[in-house]
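# Geometric and topological summary
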Amino acid sequence: MRTKLVAGNWKMHGSLQANQALLARVKDGAAGFKCLSAVCVPFPYLAQAQSVLAGSKMAWGAQNVSEHAQGAYTGEVAAAMLVEFSCRYVLVGHSERRALYGESDAAVAAKFAAALQAGLTPILCVGETLAEREAGITGEVVTRQLDAVIAGSGVAALGRAVLAYEPVWAIGTGQTASPQQAQDVHALIRRRVAGSDAGVARGLQILYGGSVKPGNARELFAMPDIDGGLIGGASLAAEDFLAICAAA
Ligand code: 13P
């Protein structure tokens, strides 16, 4: 039985003042939950997340990381720096990073490796666009994104990571994948990993992300291969985020 994880992705939202109330509320709420929970905040707010959430059940993390350990990479943030703020998680390969910042499968694989190397738990995001789904190549796209990471770090590395299936067409659109649509892709991912290592596949947490709300979380999380959620918009409203955690 895999423990469920609900991770918030604040994206580029927040302010010191607004975060304070949100973090304090989710920290209190999380105390009563059986599931794991975390928030991935913008870099400047990591110290705040650390200071409010330290010692609580809610973990925290970042939304991106450099593939390099240090050096002349203006504007980048190294995995070891995230560790200094006691991050547990870091998102890698979010579709917004892939689409808006040109992150290739190879770049994502390098970031994944850098995160692991530093002792962080990468949350590897994969998912197809609407055009790819309509072209019937969802499985091919997700497999290609996953295989790039396996080629770089080895399948055993997935045992120290989390996967998130986020269909691009469901992100921020209010159009959630149906539980069955999501389950089908989650099962495909798990089968793919099982082809290389059945034990890693069995233990792998695969989160679903894309318009998860309090009203649809329970039926998504009830599917056998859906091990929690990666929550965008709803993670910015404490009561919604806590309701989603409660569903897990
Ligand atoms: P929404 O929950 O706002 O659709 O965002 C999903 C997401 O991209 C989380 O990483």
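See the structure shown above.
Residues numbered from 1 in each chain as written. Predicted model: local features only at pLDDT ≥ 70, side-chain atom pairs only at ≥ 80, totals over all residues. Heavy atoms only, no water.

### Topic: the overall build of the protein
Of the regular secondary structure elements, the protein holds eleven helices and eight strands. Compactness check: the protein gives a C-alpha radius of gyration of 17 Å against a globular reference of 18 Å for 248 residues, within 12% of the reference. Along the first, second and third principal axes, the C-alpha set of the protein runs to 45 × 45 × 35 Å. With 248 residues in all, the protein has 54% of them scored as buried. Sequence separation of at least 24 residues holds for 71% of the intrachain contacts in the protein that already meet a minimum separation of 6. Total accessible area on the protein stands at roughly 10,600 Å², and carbon and sulfur atoms take up 54% of it. Between the mean site of the 20 positive side-chain charges and the mean site of the 20 negative ones, the protein shows a separation of 7 Å. (Helix = DSSP H or I, 4+ residues; strand = E, 2+ residues; numbered from the N terminus. Rg over C-alpha atoms; globule rule 2.2 N^0.38 Å. Buried < 20%, exposed > 50% of the residue type's maximum accessible area, 1.4 Å probe, protein only. Contact = heavy atoms within 4.5 Å. Areas by Shrake-Rupley, 256 points an atom, 1.4 Å probe, with all protein chains shown as cover. Lys, Arg positive; Asp, Glu negative; His and termini not counted. Charge placed at Lys NZ, Arg CZ, Asp CG, Glu CD.)

### Focus: the layout of surface pockets
Roughly 420 Å³ of volume is contained in the largest pocket. Around the largest pocket, the lining comprises 15 residues; the ones closest to its centre are Lys 11, Met 12, Gln 63, Arg 97 and Tyr 101. At three residues, the largest contribution of residues to the lining of the largest pocket is made by helix α4 (residues 95–100). Taken together, the residues of the lining of the largest pocket break down into eight nonpolar, four polar and three charged. Approximately 200 Å³ is the volume found for the second largest pocket. (1 Å grid on protein atoms, 1.4 Å probe; cavity = no way out; pocket = protein on both sides within 12 Å on 5 of 7 lines; lining within 4 Å. Points joined across faces, edges and corners; volume = space filled by probe spheres on them. Nonpolar A, V, L, I, M, F, W, Y, C, P; charged D, E, K, R; others polar.)

### Observations regarding the site of the ligand
Around the ligand, the neighbouring residues are Asn 9, Lys 11, His 94, Glu 166, Ala 170, Ile 171, Gly 172, Gly 210, Ser 211, Leu 230, Gly 232 and Gly 233. Side-chain polar atom of His 94 to an oxygen atom of the ligand: 2.8 Å apart, as the coordinates give it. In isolation the ligand offers 310 Å² of accessible surface; the protein chains occlude 97% of this area. More than half of the atoms belonging to the ligand lie within 2 Å of the grid points that define the second largest pocket. In terms of residue class, the shell around the ligand is built from three nonpolar, seven polar and two charged. (Near = heavy atom within 4 Å. Polar contact = N/O pair within 3.5 Å; in protein donor to acceptor, adjacent residues only side chain to side chain. Sits in = over half its atoms within 2 Å of the grid points.)

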